[in-house]
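Examination of the molecular architecture
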Amino acid sequence: MLKSNPMNLSFEKAHDLIKKSEDIKIYTHIDCDGVTAGAVLSSMLDKLGKDHEVEFISLDQMDDLVSENELTIFSDLGSGQEMDKLCTSNSQTLILDHHPL
Ligand SMILES: [Mn+2]
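Our subject in this report is the structure included herewith. Numbering of residues begins from 1 in every chain and follows the order in which that chain's sequence is written. Totals for whole chains, interfaces and linings use all residues, but because this is a predicted model, local features are given only for residues with pLDDT of at least 70 and pairs of side-chain atoms are given and counted only at 80 or more. Hydrogens and water molecules were not included; the side-chain quantities draw on all heavy atoms of the structure.

Some remarks on the coordination of the manganese ion
Because water is not among the atoms used, a metal site may look incomplete, as its donors are only the N, O and S atoms within 2.8 Å, or 3.2 Å for Na, K and Ca. Distances from the manganese ion to its protein donors, Asp 31 (OD), Asp 31 (OD), Asp 33 (OD) and Asp 76 (OD), fall at 2.0 to 2.7 Å. If you list the donors of the manganese ion from N- to C-terminus, the spacing comes out as D-x1-D-x42-D.

Pasting the structure below:
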């Protein structure tokens with residue numbers, strides 16, 4: 001019953017990605033909600049025992065980013081930016097953003 005909800009399915013997919021990744025990078029927006037979201041994500045990964053790094057970035061830095069980690073999480077950004085270059089076969093990508101496309 002719970003699994004038929006699209007939000008629960010997305011949550012399960014995100015959870016599976018995080019569970020199987022050992023090298024995680026978080027890029028989060030350097031503003032109030034982005035810093036908060038990055039802190040929450042970092043605490044969650046700490047509790048899961050996942051090695052990770054958090055970097056606070058502005059939107060104009062997006063074009064210069066390179067996905068080098070097993071899993072790259074974009075927090076409070078990514079839904080309105082060009083992400084094709086960052087979504088490679090070598091790195092899984094998770095976009096957690098509340099902004100419109
Ligand atoms: Mn923000």
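Some details on the environment of Asp 76
Structurally, Asp 76 can be placed in the loop between β3 (71-75) and β4 (92-96). Its relative accessible area of 3% is what places Asp 76 among the buried residues. It is 16 Å that separates the C-alpha atoms of Asp 76 and Leu 65, two residues lying 11 residues apart in sequence. At 3.3 Å, the side chain of Asp 76 and the side chain of His 29 are in polar contact. A distance of 2.8 Å separates the side chain of Asp 76 from the side chain of His 98, its partner in a polar contact. Elements are defined by DSSP. Helices are runs of H or I of four residues or more, strands are runs of E of two residues or more, and each kind is numbered from the N terminus. For every residue, the accessible area (1.4 Å probe, protein chains only) is compared with the maximum for its type, and the residue is labelled buried under 20%, exposed over 50%, or partly exposed between those bounds. As used in this structure description, the phrase polar contact means that two N or O atoms lie within 3.5 Å; if the pair is within protein, one of them must be able to donate a hydrogen and the other to accept it, and residues adjacent in sequence are counted only when both atoms belong to side chains.

Side note on the nonpolar core
Ala 14, Leu 17, Ile 18, Ile 24, Ile 26, Leu 41, Leu 45, Leu 71, Ile 73 and Leu 94 form the largest nonpolar core, which has 10 residues in total. Top element by residues in this core is helix α1 (residues 6-20). It accounts for 3 residues. Should any heavy atoms of two residues lie within 4.5 Å, those residues are considered in contact. Discounting chain neighbours no more than four positions away, the residues touching Leu 41 are Ile 26, Ile 73, Ser 75 and Leu 96. Tyr 27, Ile 57, Phe 74 and Leu 86 belong to the second largest nonpolar core, which has 8 residues in total. Put simply, a nonpolar core is a bunch of buried Ala, Val, Leu, Ile, Met, Phe, Trp, Tyr and Cys residues held in one set by side-chain atoms that sit within 4.5 Å of each other.

Points about the packing of aromatic side chains
Here is the rule: rings of Phe, Tyr and Trp (six-membered ring for Trp) pair when centre to centre is within 6.5 Å. Planes less than 30 degrees apart are stacked, more than 60 are edge-to-face, and the remainder are tilted. Counted by the stated rule, this structure contains 1 aromatic pair. Seen in terms of ring centroids, Tyr 27 and Phe 74 are 5.6 Å apart; in terms of plane orientation they differ by 20°. Their pairing is stacked. Of the two residues, Tyr 27 is situated in strand β1 (residues 24-29) and Phe 74 in strand β3; the sequence distance between them amounts to 47 residues. Accessibility expressed as a relative area gives 7% for Tyr 27, which makes it buried. Look at Phe 74 and you get buried, because its relative accessible area is 0%.

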